[in-house]
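Here's the letter readout for the chains.
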Amino acid sequence: MISYAAYKLIHILGIMFLLLSLGAYLILSMNKSEKGKKLAAITHGISVLIILVAGFGLLARLGYLSVDTWPIWVWLKVTIWLILALIIILIKRMPELIPALWFLIPILGGLAAYFAIYKVSF
């Protein structure tokens, strides 16, 4: 059985790789360079998978075994991670948004962290 601390470490490592891959993909797209884009895209996909698996492991450790029991902060985090998982499509199809996404991506990551740390409820 994997401990809460191990899931948390894996989750945070996945987040670091996700933000790294999105930053790399943004820069490569801005410079219209194909070299390295494949590595960034692969890293992005793997990191999203790691974040989801570790995140659901953390939820299980916290006792949220059913979607019916999820508090609002979990729904907000899942929504943010879904956006960050799909944002690579936006970068590819709408490169004119790259400057805005450069700031939006870390803000979304910070919001997800805020919701998890403070267990926000409305």
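Structure shown above.
All of these numbers come straight from a predicted model, not from anything done at the bench.

Some thoughts on the pattern of salt bridges
(1) Moving on: All told, the structure shown has one salt bridge when counted by the stated rule.
(2) Moving on: Across the pair Lys-37 and Glu-34 runs a salt bridge, and its minimum N-O distance is 3.5 Å.

A look at helix H3 (residues 72-93)
It helps to recall that an α-helix has 3.6 residues per turn; residues three or four apart then point in one direction.
(1) Moving on: Over its 22 residues, H3 runs 31 Å from end to end, which matches the ideal 32 Å to within 8%, given 1.5 Å per residue.
(2) Moving on: The largest bend in H3 amounts to roughly 35 degrees and is located at Leu-86.
(3) Moving on: All of the buried residues along H3 are Trp-73, Val-74, Lys-77, Ile-80, Trp-81, Leu-84, Ala-85, Ile-87, Ile-88 and Ile-91.
(4) Moving on: Elements that come into contact with the buried residues of H3 comprise helix H1 (4-30), helix H2 (37-61) and helix H4 (98-118).

Re the packing of aromatic side chains
(1) Moving on: According to the stated counting rule, one finds five aromatic pairs in the structure shown.
(2) Moving on: Look at Phe-56 and Trp-70: their rings are 5.8 Å apart centre to centre, the planes differ by 25 degrees, and that puts the pair in the stacked class. Of this pair, Phe-56 sits in helix H2 while Trp-70 sits in the loop between H2 and H3, and the two are 14 residues apart along the sequence.
(3) Moving on: We classify Phe-56 as partly exposed; its relative accessible area is 38%.
(4) Moving on: According to the relative accessible area criterion, Trp-70 is buried, its value standing at 15%.
(5) Moving on: Note on Tyr-114 and Tyr-118: the rings are 5.0 Å apart at their centroids and 45 degrees apart in plane angle, and the pair reads as tilted. Of the two residues, Tyr-114 and Tyr-118 are both situated in helix H4; the distance of four residues between them amounts to about one turn of the helix.
(6) Moving on: Ring-pair connections join several aromatic residues into one group, and the members of that group are Phe-56, Trp-70 and Trp-75.
(7) Moving on: Here Lys-37 stacks its cationic end above the ring of Tyr-25, 5.4 Å away from the centre of that ring.
(8) Moving on: Between Lys-119 and the ring centre of Trp-73, over which it is positioned, the NZ or CZ distance is 4.7 Å.

Description of the environment of Leu-49
(1) Moving on: Relative to the assigned elements, Leu-49 resides in helix H2.
(2) Moving on: Sequence separation between Leu-49 and Glu-96 is 47 residues, and the spatial gap between their C-alpha atoms is 28 Å.

Reading guide: rules and limits
Residues numbered from 1 in each chain as written. Predicted model: local features only at pLDDT ≥ 70, side-chain atom pairs only at ≥ 80, totals over all residues. Heavy atoms only, no water. Salt bridge = Lys/Arg side-chain N within 4 Å of Asp/Glu carboxyl O. Helix = DSSP H or I, 4+ residues; strand = E, 2+ residues; numbered from the N terminus. Expected span 1.5 Å × (residues − 1). Bend = angle between axes of the 7 residues up to and from the residue. Buried < 20%, exposed > 50% of the residue type's maximum accessible area, 1.4 Å probe, protein only. Contact = heavy atoms within 4.5 Å. Phe/Tyr/Trp six-rings, centres within 6.5 Å; stacked < 30°, edge-to-face > 60°. Lys NZ or Arg CZ within 6 Å of the ring centre and 35° of its normal.

By themselves, these observations are geometric and do not establish any function.
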